[in-house]
Amino acid sequence: MNTKGKLVVLGSINADHILNLEHFPAPGETVTGQEYQVAFGGKGANQAVAAGRSGADIAFIACVGDDDTGARVCKQLASDNIDTAPVATIKGAATGVALIFVNGAGENVIGIHAGANGALTPELVAAHQDKIAQASALLMQLESPLESVLAAAKLAHQHQTKVVLNPAPACELSDELLGLVEMITPNETEAEKLTGIKVENDEDAAKAAAALHNKGINTVIITLGSRGVWLSEKGKGQRVPGFKVKAVDTIAAGDTFNGALVTALLEERPMAEAIRFAHAAAAIAVTRKGAQPSVPWRREIDEFLQQQG
Ligand code: RIB
């Protein structure tokens with residue numbers, strides 16, 4: 001990463017409807033949940049919030065509908081230290097929605113209606129060329145139209161802005177897009193989708209990372225849930241464990257990791273320290289319910305790290 005220091009996140013905004021239940025319903029089964037909440041989410045917004053709360057200088061390119069949810073989410077994002085000027089309100093569209101079940105083990109399953117997120121076109125991306133050009137890094141995920149992700153990656157590349165891709169949800173990607181990426185952060189499922197290699201242990205992770213390096217990506221970080229991450233750079237790989245906490249809800253844990261990681265890297269912290277910072281942010285997030293309500297502020301991350309010694 002260079003020293004311009006600014007971050008642009010491009011991605012989705014959703015209203016998450018979250019139902020906590022003992023077990024996931026099987027087809028044809030109805031299960032009564034214990035708790036229901038509506039909270040702001042969306043992979044793009046969660047990562048933007050994680051970056052904003054952990055101290056990044058960040059602008060967010062996204063779309064909301066012209067509904068009450070859209071207006072409220074924009075207000076919330078602005079209060080999370082995010083420049084929301086590039087968030088477009090799409091006439092006649094509804095803000096994106098995610099329907100989420102969380103089971104007794106804290107695992108989740110998610111269904112999505114893209115809504116206004118589908119209106120983030122390459123033309124809209126081009127309208128924010130200046131923001132991308134002035135940034136050091138562009139962080140994206142895959143809940144936005146793929147052609148727009150590619151358009152943004154091309155613009156970033158033209159302006160020496162590093163492209164960081166969190167390839168979630170899992171999706172096959174073109175070599176053209178992968179070739180523009182500086183750092184990629186898949187989980188095991190996403191790494192398998194991209195490389196065809198099933199990631200079950202460190203050896204598999206090393207093979208999957210090598211396949212991604214072969215596509216032209218310099219830094220590969222495969223997130224491994226409670227086992228931490230596999231970090232691979234300059235041909236060298238190692239597992240970096242996370243912190244052990246009691247997880248109540250893993251929604252947005254990966255998003256929090258990504259937002260905090262890029263923030264720390266933009267502060268020019270060494271990779272090991274940046275991963276430790278991101279692990280701490282994600283560890284705090286899994287002890288809390290919901291997506292954005294669970295994302296910690298910088299002070300909380302620093303305190304957590306101090307307590308670890
Ligand atoms: O990564 C978690 C997010 O995925 C949720 O907030 C939900 O909106 C879906 O986009």
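Above: the structure in question.
Residues numbered from 1 in each chain as written. Predicted model: local features only at pLDDT ≥ 70, side-chain atom pairs only at ≥ 80, totals over all residues. Heavy atoms only, no water.

(A) Inspection of the packing of aromatic side chains at higher detail. Scanning the entire structure with this criterion turns up 1 aromatic pair. Residue placement shows arginine 269 over the ring face of phenylalanine 277; its charged tip is 4.6 Å from the ring centre. (Phe/Tyr/Trp six-rings, centres within 6.5 Å; stacked < 30°, edge-to-face > 60°. Lys NZ or Arg CZ within 6 Å of the ring centre and 35° of its normal.)

(B) The arrangement of the site of the ligand in detail. Near the ligand you find 13 residues, and of these Asp16, Gly42, Lys43, Glu143 and Asp255 are the closest. In this structure, aspartate 16 approaches the ligand through a side-chain N or O atom, which is 2.6 Å from an oxygen atom. The side chain of asparagine 46 places a nitrogen or oxygen atom 3.0 Å from an oxygen atom of the ligand. Relative to its free-state accessible area of 280 Å², the ligand is covered by the protein chains to the extent of 96%. (Near = heavy atom within 4 Å. Polar contact = N/O pair within 3.5 Å; in protein donor to acceptor, adjacent residues only side chain to side chain. Areas by Shrake-Rupley, 256 points an atom, 1.4 Å probe, with all protein chains shown as cover.)

(C) Here's a closer look at the pattern of salt bridges. For the coordinates displayed, the defined rule picks out 16 salt bridges. Note that lysine 289 and glutamate 35 form a salt bridge whose closest N and O atoms lie 2.7 Å from each other. Here lysine 289, found in the loop between helix 10 (271-286) and helix 11 (298-308), pairs with glutamate 35, found in strand 3 (residues 35-41); they are 254 residues apart in sequence, far enough to count as distant. In this structure, aspartate 175 engages lysine 215 in a salt bridge whose closest nitrogen and oxygen atoms are separated by 3.0 Å. Here lysine 215 lies in the loop between helix 8 (202-214) and strand 12 (219-223) and aspartate 175 lies in helix 6 (residues 175-178), a separation of 40 residues in the sequence. (Salt bridge = Lys/Arg side-chain N within 4 Å of Asp/Glu carboxyl O. Helix = DSSP H or I, 4+ residues; strand = E, 2+ residues; numbered from the N terminus.)

(D) View of the pairing of strand 9 (residues 137-140). Side chains of strand 9 alternate between two faces, with Ala137 and Leu139 and Leu138 and Met140 buried alike. Strand direction decides the pairing type here: strand 1 (residues 6-10) and strand 9, joined by 4 bridges, are parallel. By the bridge assignment, valine 9 is partnered in strand 9 with leucine 139. Here strand 9 pairs with strand 10 (residues 162-165) via 4 bridges, running parallel. Considered in strand 10, the bridge of alanine 137 is made with lysine 162. Handedness of the β-α-β unit built from strand 9, helix 5 (residues 146-158) and strand 10 comes out right-handed. (Buried < 20%, exposed > 50% of the residue type's maximum accessible area, 1.4 Å probe, protein only. Pairing = 2+ DSSP bridges. Right-handed = clockwise from strand over helix to strand, strands pointing away.)

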